[in-house]
Amino acid sequence: MLHIALHLVVPLIVAYVFYPRHWRRAAIVQLATMIVDADHLLATPIYDPARCSIGFHPLHTTPAIVVYALLFAVPLLFMSHSEDEAAPTVRILHWIGLGLLIHMALDALDCVV
């Protein structure tokens, strides 16, 4: 239950702290990235508390995480110093990448605990 709570709370905190003017939108986009867990439906059993998601599920692999990092980082090249002036599409792509990276980091915690 703590793991699931962190998947909800951490994106909210990150959005509020780092994107105060757009925190609601940033939080919604980041929370929407939880759909990445749909790849768990391909596993048997669907949920195994002893299984490390990172490297096991297709959307939790290193190549996928590299794409998520690019989604986070590349929009930064197109954002000015003021996050408010960024084009909405650029901002959303950045938030998607951030949400996915947060998700992978939280899932990685399960692998070491």
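Since the structure is predicted, the reported quantities are computational estimates derived from the model, not experimental observations.

How each quantity is defined
- Every residue gets a number counted from 1 within its own chain, in the order that chain's sequence is written.
- Confidence filtering applies because this is a predicted model: local features only for residues at pLDDT of at least 70, side-chain atom pairs given and counted only at 80 or more, and all residues used for totals across whole chains, interfaces and linings.
- Neither water nor hydrogens contribute to the side-chain values; these are computed over all heavy atoms in the structure.
- For Phe, Tyr and Trp, rings pair up if their centres lie within 6.5 Å, where Trp contributes its six-membered ring, and each pair is then called stacked (planes under 30 degrees apart), edge-to-face (over 60) or tilted (otherwise).
- Partly exposed residues are those whose accessible area sits between 20% and 50% of the maximum for their type, while under 20% is buried and over 50% is exposed, using a 1.4 Å probe and protein chains only.
- Secondary structure counts use DSSP, requiring at least four H or I residues in a row for a helix and at least two E residues in a row for a strand, with both numbered from the N terminus.
- Nonpolar cores were defined as sets of buried Ala, Val, Leu, Ile, Met, Phe, Trp, Tyr and Cys residues, with membership established by side-chain atoms within 4.5 Å.
- Any two residues whose heavy atoms approach within 4.5 Å at even a single point are treated as in contact.
- A cavity here means a set of points on a 1 Å grid, drawn over the protein atoms and nothing else, where a 1.4 Å probe fits but cannot get out; a pocket is an open set with protein on both sides within 12 Å along at least five of seven lines, and a residue lines either one if it has an atom within 4 Å of a point.
- Grid points are joined across faces, edges and corners, and a volume is the space filled by probe spheres set on the points.
- Gly is put with the polar residues, along with every residue not named as nonpolar or charged; the nonpolar set is Ala, Val, Leu, Ile, Met, Phe, Trp, Tyr, Cys and Pro, and the charged set is Asp, Glu, Lys and Arg.
- Lines are fitted to the C-alpha atoms to define the axes, a helix being fitted only along its stretch in contact, and any angle between axes, read from their N-to-C directions, falls within 0 to 180 degrees.
- Here the word oblique covers every angle except those under 35 degrees (roughly parallel), over 145 (roughly antiparallel) and from 65 to 115 (roughly perpendicular).
- We call a crossing left-handed when the near helix sits turned anticlockwise from the far one by less than a right angle, and right-handed when that turn is clockwise.

Under the criterion given, the structure shown has two aromatic pairs. A ring pair is formed by Tyr-16 and Trp-23, whose centres lie 5.5 Å apart and whose planes are at 80°; its orientation type is edge-to-face. Residue classification places Tyr-16 among the exposed positions, given a relative accessible area of 54%. Arranged with centres 5.9 Å apart and planes meeting at 75°, the rings of Tyr-19 and Trp-95 form a pair that is edge-to-face. Remark: Trp-95 occurs in helix 4 (residues 88-112) and Tyr-19 occurs in the loop between helix 1 (2-18) and helix 2 (23-32); sequence separation between them is 76 residues. Trp-95 shares its class with Tyr-19; the two are buried.

As a further point, take the nonpolar core. Considering soluble globular proteins, one finds that nonpolar side chains tend to be buried as a cluster. If you look at the biggest cluster of nonpolar residues, it comprises 10 residues: Val-14, Ala-15, Tyr-19, Ala-26, Ala-27, Val-29, Trp-95, Leu-98, Ile-102 and Leu-106. At four residues, helix 4 tops the list of elements feeding residues into this core. Once residues within four sequence positions are removed from consideration, Ile-102 is found in contact with Val-10, Pro-11, Val-14 and Gln-30. Membership of the second largest hydrophobic core comes to five residues, among which are Val-36, Ala-64, Leu-100 and Met-104.

Its volume calculated, the largest pocket comes out at about 450 Å³. Listed by contribution, the elements that provide at least two residues to the lining of the largest pocket are helix 1 and helix 4. Considering each element in turn, the lining of the largest pocket owes the most residues, three residues, to helix 1. Looking at the lining of the largest pocket residue by residue, the class counts come to eight nonpolar, five polar and five charged.

The next thing to look at is the packing of helix 2 against helix 4. Contact geometry of helix 2 with helix 4 gives a least axis separation of 8 Å together with a crossing angle of 50°. Here helix 2 is positioned oblique relative to helix 4, judged by the angle of their axes. Judged by the twist between their axes, the crossing of helix 2 over helix 4 is right-handed. Listed contacts from helix 4 to Arg-25, Ala-26, Val-29 and Gln-30 of helix 2 are Arg-91, Ile-92, Trp-95, Ile-96, Leu-98, Gly-99 and Ile-102. Of the residues assigned to the contact of helix 2 with helix 4, the class counts are seven nonpolar, two polar and two charged.

The subject of this paragraph is unusual backbone geometry. Note that the residue after Thr-44, namely Pro-45, is joined by a cis bond; omega there is -5°. Inspection of the secondary structure puts Pro-45 in the loop between helix 2 and helix 3 (62-78).

In this fold, His-57 is placed in the loop between helix 2 and helix 3. His-57 sits in the buried class, given a relative accessible area of 1%. In this structure the C-alpha to C-alpha distance between His-57 and Tyr-19, which are 38 residues apart in sequence, comes to 30 Å. Non-local contacts of His-57, meaning those with residues more than four positions away in its chain, are made with Asp-39, His-40, Ala-43 and Arg-51.

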